[in-house]
Amino acid sequence: MQASRRGPSPRRPARRSGFTLIELLVVVVIIAALAAFVVPAVMGAVHRARITEAVSDIKNLESGISAFELKYGVEPPSSIVLDETGTAWDAASRAKIRRIWPSFDFSAANDIDGDSGATEQLTLNGAECLVFFLGGISDAQGNLTGFSANPQQPFAPGGNRVGPFIDNFDRSRLRDVNGNHMREYVDTLAGQTMPYLYASSYDGRGYEPADLNLGAGAPMTDVYRQPGGTTAWNSKGFQIISPGYDAQYGSGGPFDPDTADSVLNGPRSVERDNLTNFHSGELSP
């Protein structure tokens with residue numbers, strides 16, 4: 001019997017092993033397009049969250065100032081010279097201390113900065129006053145310990161204490177930018193190097209712009225003022241100012257939320273991301 005002959009088998013289509021170059025390029029383009037929409041949205045959300053956290057931190061400082069005022073009847077001053085020797089108090093500093101502790105003993109010597117070193121005079125600017133009056137004197141380990149409950153010697157260590165007036169002073173955010181052993185406090189923004197500035201209006205008697213001087217290359221020369229440039233924001237209260245992400249304060253002066261985009265330009269453009277206690281969020285986001 002003769003074997004049957006079969007013709008050649010039909011070829012099966014070759015199975016593809018991957019994407020073509022064009023298909024890969026299409027995928028890359030789609031991913032890039034999605035990223036162009038998603039990444040800015042995510043980064044914007046992260047930025048807003050960090051700003052919200054910093055604004056909340058400022059409100060916490062405001063609450064501390066309110067607690068201090070509730071206890072002593074006045075807001076913390078934003079400049080003072082503290083005399084550790086008990087022999088060289090100046091008249092202006094005596095007056096500021098008496099408003100807080102009327103029976104203060106100016107003849108007592110105290111280690112106010114906790115350095116266990118020679119007694120000295122300590123000149124505090126507003127940023128340092130914010131930490132000192134809300135946190136109190138420092139011990140040898142750098143802890144802020146509040147003030148003695150003895151109104152004649154509130155800078156004495158030990159015994160019953162008053163304060164600190166901030167529940168959780170984050171020691172990792174304390175700085176000493178001018179090296180005088182009196183520390184300042186930076187905001188919660190990642191990598192921040194420059195501290196909050198603080199200026200008191202002294203119950204409406206007027207701001208002293210010099211209180212903003214850190215003595216460390218910070219050029220802010222005035223508090224923020226309302227349109228017209230005369231009346232200060234929080235004219236009967238106080239101003240707390242963060243330099244924002246760029247760690248630069250700018251010069252201060254007139255600020256109008258409605259015209260901030262046009263005014264905060266040129267040399268004042270560094271103020272656009274500043275945060276304060278009289279305006280919600282950045283001055284000009």
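Just above sits the structure.
Anyway, here's the lowdown on the structure attached to this text. Every value quoted in this text rests on a predicted model; they were computed, and no experiment measured them. (Residues numbered from 1 in each chain as written. Predicted model: local features only at pLDDT ≥ 70, side-chain atom pairs only at ≥ 80, totals over all residues. Heavy atoms only, no water.)

1. Looking at a nonpolar patch on the surface
Reasoning step 1: On the surface, a cluster of nonpolar side chains totalling about 400 Å² of accessible area is made up of Ile22, Val26, Ile30 and Leu34.
Reasoning step 2: Tracing the backbone shows leucine 34 in helix H1 (residues 21–72). (Patch = residues over 30% accessible without salt bridge, like charges linked within 9 Å, V, L, I, M, F, W, Y side chains within 5 Å. Areas by Shrake-Rupley, 256 points an atom, 1.4 Å probe, with all protein chains shown as cover. Salt bridge = Lys/Arg side-chain N within 4 Å of Asp/Glu carboxyl O. Helix = DSSP H or I, 4+ residues; strand = E, 2+ residues; numbered from the N terminus.)

2. Some words on the environment of arginine 268
Reasoning step 1: With respect to the helices and strands, arginine 268 occurs in the loop between helix H4 (260–263) and strand S11 (275–276).
Reasoning step 2: Classification of arginine 268 by relative accessible area gives buried; the value is 13%.
Reasoning step 3: Separated by 16 residues in sequence, arginine 268 and glycine 252 place their C-alpha atoms 7.9 Å apart.
Reasoning step 4: For arginine 268, the contacting residues outside a window of four places in its chain are Tyr224, Ser251, Gly252, Gly253, Pro254 and Val263. (Buried < 20%, exposed > 50% of the residue type's maximum accessible area, 1.4 Å probe, protein only. Contact = heavy atoms within 4.5 Å.)

3. Some details on unusual backbone geometry
Reasoning step 1: Backbone torsion omega between glycine 163 and proline 164 reads 0°, so that peptide bond is classified as cis.
Reasoning step 2: Looking at the secondary structure, you find proline 164 in the loop between strand S4 (161–162) and strand S5 (174–175).

4. A few points about helix H2 (residues 91–100)
Reasoning step 1: For H2, every residue scored as buried is listed here: Ser93, Lys96, Ile97 and Ile100. Along H2, the residues classed as buried sweep out an arc of 95° about the axis, all on the same side. (Arc of directions from axis to C-beta.)

5. Quick notes on the nonpolar core
Note that soluble globular proteins tend to have their nonpolar side chains buried in a common cluster.
Reasoning step 1: Of all hydrophobic cores here, the largest spans 43 residues; its most connected members are Leu82, Phe132 and Phe155.
Reasoning step 2: Elements with a minimum of two residues in this core: H1, strand S1 (80–83), H2, strand S2 (121–124), helix H3 (126–135) and strand S9 (238–242).
Reasoning step 3: A per-element tally of this core places H1 first, with eight residues.
Reasoning step 4: Contact partners of phenylalanine 155, with chain neighbours within four places excluded, come to Leu82, Trp89, Ile97, Trp101, Phe104, Asn110, Ile112, Phe132, Ile137 and Phe147. (Core = buried A, V, L, I, M, F, W, Y, C linked by side-chain atoms within 4.5 Å.)

6. Some words on the environment of proline 154
Reasoning step 1: For proline 154, the location among the structural elements is in the loop between strand S3 (147–148) and S4.
Reasoning step 2: On the basis of relative accessible area, proline 154 is assigned to the buried category, the value being 0%.
Reasoning step 3: Taking the C-alpha atoms as reference points, proline 154 and asparagine 110, 44 residues apart in sequence, are found 9.7 Å from one another.
Reasoning step 4: Excluding its chain neighbours within four sequence positions, the residues that come into contact with proline 154 are Trp101, Phe104, Phe147 and Ser148.

7. Some words on the sheet that holds S9
Reasoning step 1: Strands sit in the order S7-S9-S11 across an open sheet of three strands; the sheet is antiparallel. Since the sheet does not close on itself, it has two edges, and those belong to strand S7 (197–200) and S11, each with one partner.
Reasoning step 2: By the bridge criterion, two bridges tie S9 to S11 in an arrangement that is antiparallel. Among the inter-strand pairings, isoleucine 241 is bridged to a residue of S11, identified as threonine 276. (Pairing = 2+ DSSP bridges.)

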